[in-house]
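Coordinates in review
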Amino acid sequence: MKLKFDYNNMMESSIGTHGIKQSAIDKAAKAHEAAYKEVVDNSGKGWQGWTETPMIDKATVDELNAFGKSIREKASSFVVLGIGGSALGPICVFNALLHLHHNELNEKMRKAPKIYVEDNVDPERMAALFDVIDIKTTYFNVITKSGETSETLSQFLILYNALKKAVGEKAAKEHIFVTTTIGKGALYAAAEKEGFKIFGVPAGVGGRFSVLSNVGLVPFAVMGIDIESMLYGARAMRTACERKDIYSNPALMTAYLQVLSMKDGKNISVMMPYADGLKTMADFYCQIWAESLGKAVDKAGKTVNCGQTPAKSLGVTDQHSQVQLYTEGPYDKVVTIIGVDTFGDSVTIPADETADIGDFLKGHTMNELITAERKSTEFALTKAGRSNFTITMPTVDAETVGELLMYFMYQTAFAGAYLNIDTFNQPGVEEGKKATFAMIGRAGYEQKLKELESAVKDEKYIIS
Ligand code: PA5
């Protein structure tokens, strides 16, 4: 494992009374064992199919790469259609591993098509997409595990229709490939009928745990991302997260520290990467942490209403908007800082003697500055007695990104096991999906529509 996890500043020895005593970790040996068994002994079983996603063989990786190359070579733009777990994995990996201004690069420098991940049904955004792509040379990966999600199906219908008009029925089919559950759902049926290429989402892999399955691997292959190294990193992290001793298992330890913090009223989990390329890693984390741990009941059916609200913050940008609250506001947060040792580029602040300003900065690099600022935030939080821990990545590359993603999945699964909840369901999301079907008039949802219409609003509480 290349990532390093420093949780000193979660501990009483570092931050004082708001920290965790080592005895609180040591006396919970039974809880650690139960959480460990729940996740590791059930690896690959039930909804834990995600633990197996990095284990695919070389031949499958080669096939994905060959397919990816064939699209990459002919596409001017590549569009991913999906939402939630079917979009956030691709978004955060593209952000981390492609050039930060990928789409603005000239064709020669870009080496891959322009990339767009459409994860909303905002009509202005959909219309805007048509303004920037040449549909005749654009390829689309429609990703939906259920094959039923309104947002993704509506995008598909709009774009397939536009494609047919632009390139004709036959050619349009070549521009679309789908990732969905084989044999299930409306998208699978449509794909079979239309003859689109289909990639399967393996059984037991929920949306937010699917980034290392075809949900992520297909788009990564199209963009020329080194999926072999990413899977290698994920396997290394899997090995680390299967260590039995909590003191050497980063996911088990940090899951437990978060759960103890939640029980102590620290109900907000801030994810604060110090690298623009990791900005949307915080979105990935927010989804997996919120949707997995925000649950009404535990496995025994007892009402628990548990969870920790995730918040995203970007270092250093949000030092100037949020850190004031983190250091002096309520003691209700745990801040996870992600640092990078060596950035992909180095930029020196010129020692320009003619510029009579900022002498203290001259000759230093921005790399030094961002690292100093990260350490300063850690210092300020710690001095103020605020719980924080730091994950350090030696560099941001396919291998370390694979490690980080796998760590998030294990950390979430262990946290859910400590809380004794069903980490892998999402009844709250399903309820919203059904209500949308009802409001939009889908057959079979008439009762739900009645329920929705029975909710009356009192005019006296509306200001206009
Ligand atoms: O994590 C989840 O299960 C959800 O966020 C889903 O990924 C999201 O609702 C999209 O579902 P689907 O992939 O079925 O379109």
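Structure's up top.
Described below are features of the structure shown in this document. (Residues numbered from 1 in each chain as written. Predicted model: local features only at pLDDT ≥ 70, side-chain atom pairs only at ≥ 80, totals over all residues. Heavy atoms only, no water.)

1. A closer look at empty space enclosed by the protein
For the structure shown, the criterion picks out one cavity of 30 Å³ or more. As a volume, the largest cavity reaches approximately 60 Å³. In terms of lining residues, the largest cavity is bounded by Lys 266, Tyr 326, Pro 330, Tyr 331, Asp 332, Lys 333, Val 335, Leu 381, Gly 385, Arg 386 and Ser 387. Here the residues of the lining of the largest cavity are counted per class, giving five nonpolar, two polar and four charged. (1 Å grid on protein atoms, 1.4 Å probe; cavity = no way out; pocket = protein on both sides within 12 Å on 5 of 7 lines; lining within 4 Å. Points joined across faces, edges and corners; volume = space filled by probe spheres on them. Nonpolar A, V, L, I, M, F, W, Y, C, P; charged D, E, K, R; others polar.)

2. Here we look at the site of the ligand
Around the ligand, the surrounding shell holds 14 residues, and the nearest of these are Ser 86, Thr 144, Ser 146, Thr 149 and Gln 287. The contact in question runs from an oxygen atom of the ligand to an N or O atom on the side chain of Glu 291, over 3.0 Å. Against a free-state accessible area of 380 Å², the protein chains account for coverage of 93% of the ligand. In terms of residue class, the shell around the ligand is built from one nonpolar, nine polar and four charged. (Near = heavy atom within 4 Å. Polar contact = N/O pair within 3.5 Å; in protein donor to acceptor, adjacent residues only side chain to side chain. Areas by Shrake-Rupley, 256 points an atom, 1.4 Å probe, with all protein chains shown as cover.)

3. Considerations on the sheet that holds strand 11 (residues 333–340)
Taken in spatial order, the five strands of this open sheet run 1-12-11-7-10, and their pairing is mixed. Both outer strands of the open sheet, strand 1 (4–6) and strand 10 (309–312), are each paired with one neighbouring strand and no more. Going from strand to strand, the sheet's axes swing by 20° on average, the running direction of each strand aside. The pairing of strand 11 with strand 12 (residues 387–393) spans seven bridges and is classified as parallel. If you follow Ile 337 over to strand 12, its bridge partner there is Thr 390. Its contacts with the sheet place helix 16 (residues 366–383) against strand 7 (268–273), strand 11 and strand 12, and it is angled at close to 160° to strand 11. (Pairing = 2+ DSSP bridges. Helix = DSSP H or I, 4+ residues; strand = E, 2+ residues; numbered from the N terminus. Axes fitted to C-alpha atoms, helices over the stretch in contact; angles between N-to-C directions. Contact = heavy atoms within 4.5 Å.)

4. Quick word on helix 14 (residues 281–293)
Between its first and last C-alpha, helix 14 extends 18 Å over 13 residues, near the 18 Å set by a 1.5 Å rise per residue. Residues Met 281, Ala 282, Phe 284, Tyr 285, Cys 286, Gln 287, Ile 288, Trp 289, Ser 292 and Leu 293 constitute the buried set of helix 14. (Expected span 1.5 Å × (residues − 1). Buried < 20%, exposed > 50% of the residue type's maximum accessible area, 1.4 Å probe, protein only.)

5. Looking at the packing of aromatic side chains
Per the counting criterion, the structure on display carries 19 aromatic pairs. Look at Tyr 256 and Tyr 418: their rings are 4.8 Å apart centre to centre, the planes differ by 45°, and that puts the pair in the tilted class. With Tyr 256 in helix 13 (residues 250–263) and Tyr 418 in helix 17 (residues 398–419), this residue pair connects regions lying 162 residues apart in the sequence. Of the two residues, Tyr 256 and Tyr 418, neither departs from the other in class, the shared state being buried. Connected via pairs of aromatic rings, a cluster forms that spans Phe 5, Phe 284, Tyr 285, Trp 289, Tyr 407 and Phe 408. Its end group placed over the ring of Tyr 331, Arg 386 keeps NZ or CZ at 3.6 Å from the ring centre. (Phe/Tyr/Trp six-rings, centres within 6.5 Å; stacked < 30°, edge-to-face > 60°. Lys NZ or Arg CZ within 6 Å of the ring centre and 35° of its normal.)

6. Quick look at the pattern of salt bridges
Taken as a whole, this structure holds 21 salt bridges when the rule is applied. The salt bridge involving Lys 2 is made with Glu 399; its shortest N-O contact spans 3.4 Å. Taken together, the residues span a long stretch of sequence, with Lys 2 in the segment before strand 1 and Glu 399 in helix 17 at a distance of 397 residues. On the accessibility criterion, Lys 2 (43% relative accessible area) is partly exposed. In this structure, the salt-bridge partner of Lys 460 is Asp 458, at a minimum N-O distance of 3.9 Å. The exposure class of Lys 460 is exposed, given its relative accessible area of 60%. Three or more residues joined by partner-sharing salt bridges are found here, namely Glu 52, Arg 238 and Glu 242. (Salt bridge = Lys/Arg side-chain N within 4 Å of Asp/Glu carboxyl O.)

7. Focus on unusual backbone geometry
Residues Gly 315 and Val 316 are joined by a peptide bond in cis, for which omega reads 0°. Mapped onto the elements of the fold, Val 316 is located in the loop between strand 10 and helix 15 (323–328). Phi is positive for Asn 305, close to 40°, though the residue is something other than glycine. Mapping Asn 305 onto the fold places it in strand 9 (residues 303–306).

8. Quick look at the side chain of Thr 412
Examined against the element boundaries, Thr 412 turns out to sit in helix 17. Relative accessible area serves as the criterion here: at 0%, Thr 412 is assigned to the buried category.

9. Re the sheet that holds strand 5 (residues 176–180)
Taken in spatial order, the five strands line up as 3-2-4-5-6 in an open sheet, and their pairing is parallel. Among the strands making up the open sheet, the edge pair consists of strand 3 (114–118) and strand 6 (197–200). The mean angle between the axes of side-by-side strands here comes to 20°, regardless of whether they run parallel or antiparallel. Taken together, the four bridges between strand 5 and strand 6 define a ladder with parallel strand orientation. Residue pairing across strands places Thr 179 opposite Phe 199, the latter belonging to strand 6.

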